[in-house]
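Coordinate inspection notes
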Amino acid sequence: RVRGGIEQLFVHPNTDMTGFEFKRALVSTLLLYGTCTVLVFPDADTESGWSMYPIPQTWVQNVSTRDGLNASKVTINPPNGSAFEVPDKWFVRFK
């Protein structure tokens with residue numbers, strides 16, 4: 001059993017989703033696309049002090065690597081067309 005901040009993070013991953021919704025989005029994206037990207041960042045408005053948001057895989061435009069294996073940054077392009085880059089310390093990729 002996991003306790004402490006990480007447990008709170010998976011029970012309340014962000015202010016918009018329940019833990020169940022987060023896990024369902026994560027697993028669904030992973031099964032459909034074979035990969036899933038999750039933004040993780042400090043958030044003073046949550047119990048754990050962190051937030052996690054699964055990013056729709058269709059928004060992930062580019063994944064840059066430093067050694068061909070490990071992602072160093074990801075470019076996210078939401079439907080509004082305002083693409084932005086996220087450095088590796090703020091996201092986790094599941095494959």
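Residues numbered from 1 in each chain as written. Predicted model: local features only at pLDDT ≥ 70, side-chain atom pairs only at ≥ 80, totals over all residues. Heavy atoms only, no water.

Some points on helix 2 (residues 19-33)
For helix 2, with 15 residues, the first-to-last C-alpha span of 21 Å sits near the 21 Å given by 1.5 Å per residue. In this fold, the buried residues of helix 2 make contact with helix 1 (5-11), strand 1 (36-42), strand 2 (50-55) and strand 6 (91-94). A positive backbone phi angle near 80° is found at G34, which sits one or two residues after helix 2. (Helix = DSSP H or I, 4+ residues; strand = E, 2+ residues; numbered from the N terminus. Expected span 1.5 Å × (residues − 1). Contact = heavy atoms within 4.5 Å.)

Section: the pattern of salt bridges
Under the counting rule described, the total for this entry stands at one salt bridge. Ionic pairing is found between K73 and E85, a salt bridge with its closest N-O pair at 3.4 Å. Separated by 12 residues along the polypeptide, K73 in strand 4 (residues 71-76) and E85 in strand 5 (residues 84-87) bring together distant segments of the chain. In this structure K73 comes out as partly exposed when scored by relative accessible area, which is 31%. (Salt bridge = Lys/Arg side-chain N within 4 Å of Asp/Glu carboxyl O. Buried < 20%, exposed > 50% of the residue type's maximum accessible area, 1.4 Å probe, protein only.)

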